[in-house]
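# Report on the structure
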Amino acid sequence: MAEVAEVLRIVHDDPGLRFELLADLCGVDTGAAMEVVYHLWSAGSRDWLRVVATGLSREDPRAPSVTFLWRGAEWAEREAYDMFGIVFEGNRDLRRIYMPPDYRSFPLRKDFLLPDDASRSPGEGVRPMEAAPEPAVLTGTPADLRHAREATP
Amino acid sequence: MTSPETRIRSLDDPSLFVDTPATIYDAIPPYPPRTEREAEFYTLREGEMLINIGPQHPSTHGVLRVVLKIDGERIVDLDPVLGYLHRGVEKICENSDWHMVISHCDPLEYIASMFSEYVPVLAAEKLLDVTVPRRAEYIRVLACELNRISSHALFMGWLALDLGGITPILYGFLERDEIVEMLAALTGQRLLFNYMRIGGVNGDLNHEFMSRLGDWMSHALRHIEDSMALINSNEIFVGRTRGLGRIDRQTALRMCLSGPPLRATGIPYDVRRAHPYSVYPELEFEIPTREEGDSYARYLLHLDEIKQSIHIIDQVLHRIPDGPIMAKLPRLLRPRPGRAWAAIESPRGQYGVYAMSDGTDQPFRLRIHDPSFFNLQSVGLLSPGHLIADIMAIMASLDPIMGGVDK
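Keep in mind that what you see is a predicted model, and the values were worked out from it rather than measured. (Residues numbered from 1 in each chain as written. Chains lettered and ligands numbered in written order. Predicted model: local features only at pLDDT ≥ 70, side-chain atom pairs only at ≥ 80, totals over all residues. Heavy atoms only, no water.)

## Comments concerning the overall build of chain B
Looking only at helices and strands, one finds 17 helices and 10 strands in chain B. Taking 2.2 N^0.38 as the reference for a compact globule, 407 residues should give roughly 22 Å; the C-alpha atoms of chain B span a radius of gyration of 23 Å, in line with that estimate. Referenced to the eigenvectors of the C-alpha coordinate spread, the extents of chain B come out at roughly 80 × 55 × 50 Å. For chain B, long-range pairs separated by at least 24 residues make up 71% of all intrachain contacts whose partners lie at least 6 apart in sequence. Across chain B, the centroid of the 41 positively charged side chains sits 5 Å from that of the 54 negatively charged ones. (Helix = DSSP H or I, 4+ residues; strand = E, 2+ residues; numbered from the N terminus. Rg over C-alpha atoms; globule rule 2.2 N^0.38 Å. Contact = heavy atoms within 4.5 Å. Lys, Arg positive; Asp, Glu negative; His and termini not counted. Charge placed at Lys NZ, Arg CZ, Asp CG, Glu CD.)

As structure tokens, then:
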């Protein structure tokens, strides 16, 4: 996935493009793969540019860090790591930013199901709390997070 | 008979403090360093020490904890610790339908919540390909600009308060209170408005709102200029903010700043002009910029922006057309599958939402880009070398709202 950093460096440095403003950096879990989405803005074209690094594996998502271009992307990458477990290679400070340091799961992944999540299956009622897949929610590395959605009745 | 273990010890007894177990408030974390940067930060050289500011501290504008590494009174380095207000709004939004997203996003930027509810609405409208009635667009601009002024007025008071001046915040609240009462007449709420709807707004302009607005517009500019003259040229205020937290253009771009901190360095990036939304292309206003890039420039920039906002409100009141305030939409919204990026200019900078829809009535992913989060990050770059008391002036001039930072 090192091409993303190269693409971003080119659109940042090229005198005809000059996308110098990083408008946003976020992680996405499509359910099948992980993505990192960048939004850039250029004073030349006066428009947004969306760059999507797609096809990151869900077991071990890795993407290159863009902190060598935008130092301000550091916290955004920390957030994407915290929420999705995407490891940004080259980020000097890749630790959790919102969740407590001893937290082991990644809340915004699609297999992280809320214990009282009845809204996804309307009409089926509220699942009892003890039936909630607690180990999947609270412990486990990204590799052994099982599909909570499949496990739910 | 009391045993020696249970005797009540005097507070002067130094062993009382040694025996206190480690808590989350301890500056040094009770686990080994996880990253290169953390290892570097928590290694102390000769004469250095760590102290905590927050999580509960009046100058952090919410629950922010900052671990300072100091040498005497000078800051060597600092490490902001976030997450004390994290509610997982993005996850909640994924599990609620598009209408509920509005009220979940509302309390993010709670000083200017008209903006934080506007962006998800804008993203949903892009996905639904709705044309919003022109009257609704004008009302949105009117409400947003009023909210921007109230937020800026409070900012200027806060900045002075953090520097030890009590009076200006009272004047800031005077302006804010008038606007908040006015918006309460329009929306029914003083703080969290819940006014924007997908396809329009919740209610039309009413008599009470218009009469309050008319009253306020007749004296607004004069009042704000008068009250801010208190600190504009105040020797202590200028002495403490000028040249403090200076940042240049290149660094500002590299730090992903937006809003007043970016424009104070001379880059005229304002989403209202950079990528116009709503009816802003039809309105005349300038994007004020400054060259200095320090705390004082950021303060003056807020004053200039208030003047521009009053100018915009004046134009809106002259041009607002008649017509419906809501587009015709079904009750249950199922946007087309796809992705949309919407951004607006909030008082703190570019506020964006990246929405993904899978064709159901719930967003598949709703990324909220809050400008406070990115602006606050640069406090680690701006503060080293300054005194502990100056970190307040730097942080207040970046104007972070912790509700938005922590999401």
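## Digging into the sheet that holds strand β1 (residues 21-29) of chain A
Sheet strands pair via backbone hydrogen bonds, and the direction of the pair is either parallel or antiparallel. Residues and elements named next belong to chain A. Pairing is antiparallel across the open sheet formed by three strands, whose spatial order is β1-β2-β3. Looking at which strands have only one partner, the edges of the open sheet turn out to be β1 and β3 (48-56). Averaged over all pairs of adjacent strands, the angle between strand axes in this sheet comes to 15°, irrespective of strand direction. Alignment of β1 against strand β2 (residues 34-41), held across eight bridges, turns out to be antiparallel. Among the inter-strand pairings, Asp24 is bridged to a residue of β2, identified as His39. Against the sheet, helix α1 (residues 3-13) makes contact with β2 and β3, and its axis sits at roughly 5° relative to β2, the strand it touches most. Set on the sheet, helix α2 (residues 73-84) makes contact with β1 and β2; between it and β1 the angle comes to about 10°. (Pairing = 2+ DSSP bridges. Axes fitted to C-alpha atoms, helices over the stretch in contact; angles between N-to-C directions.)

## Description of the side chain of Asp390(B)
Among the structural elements, Asp390(B) can be located in helix α16 (residues 388-398). Discounting chain neighbours no more than four positions away, the residues touching Asp390(B) are Arg240(B) and Leu244(B).

## Re the state of the cysteines
This model, assessed by the stated rule, comprises zero disulfides over all chains. We note that Cys93(B) lacks a disulfide partner, and the nearest cysteine sulfur, in Cys105(B), lies 4.1 Å from it. (Disulfide = S-S within 2.5 Å.)

## Remarks on the packing of helix α6 (residues 134-162) of chain B against α16(B)
All names here are of chain B. For the pair α6 and α16, the least separation of the axes is 9 Å and the interaxial angle reads 175°. Classed by the angle they form, the pair α6 and α16 counts as roughly antiparallel. Contacts between α6 and α16 pair Phe155, Leu159 and Asp162 from the former with Met392, Ala393, Ala396 and Ser397 from the latter. Classifying every residue of the contact of α6 with α16 gives five nonpolar, one polar and one charged. (Parallel < 35°, antiparallel > 145°, perpendicular 65-115°, else oblique. Nonpolar A, V, L, I, M, F, W, Y, C, P; charged D, E, K, R; others polar.)

## Observations regarding the pairing of β3(A)
All names here are of chain A. By the bridge criterion, seven bridges tie β2 to β3 in an arrangement that is antiparallel. Residue pairing across strands places Val37 opposite Val52, the latter belonging to β3. Between β2 and β3, which pair antiparallel and follow one another directly, the connecting turn spans six residues, one of which, Arg46, has a positive phi of 50°.

## Regarding α1(A)
Residue and element names in this part refer to chain A. What α1 keeps buried is the set Val4, Ala5, Leu8, Val11 and His12. The arc enclosing the buried residues of α1, seen along the axis, measures out at 135°, which places them on a common side. Lining the buried residues of α1 we find β2, β3 and β4 (62-64). (Buried < 20%, exposed > 50% of the residue type's maximum accessible area, 1.4 Å probe, protein only. Arc of directions from axis to C-beta.)

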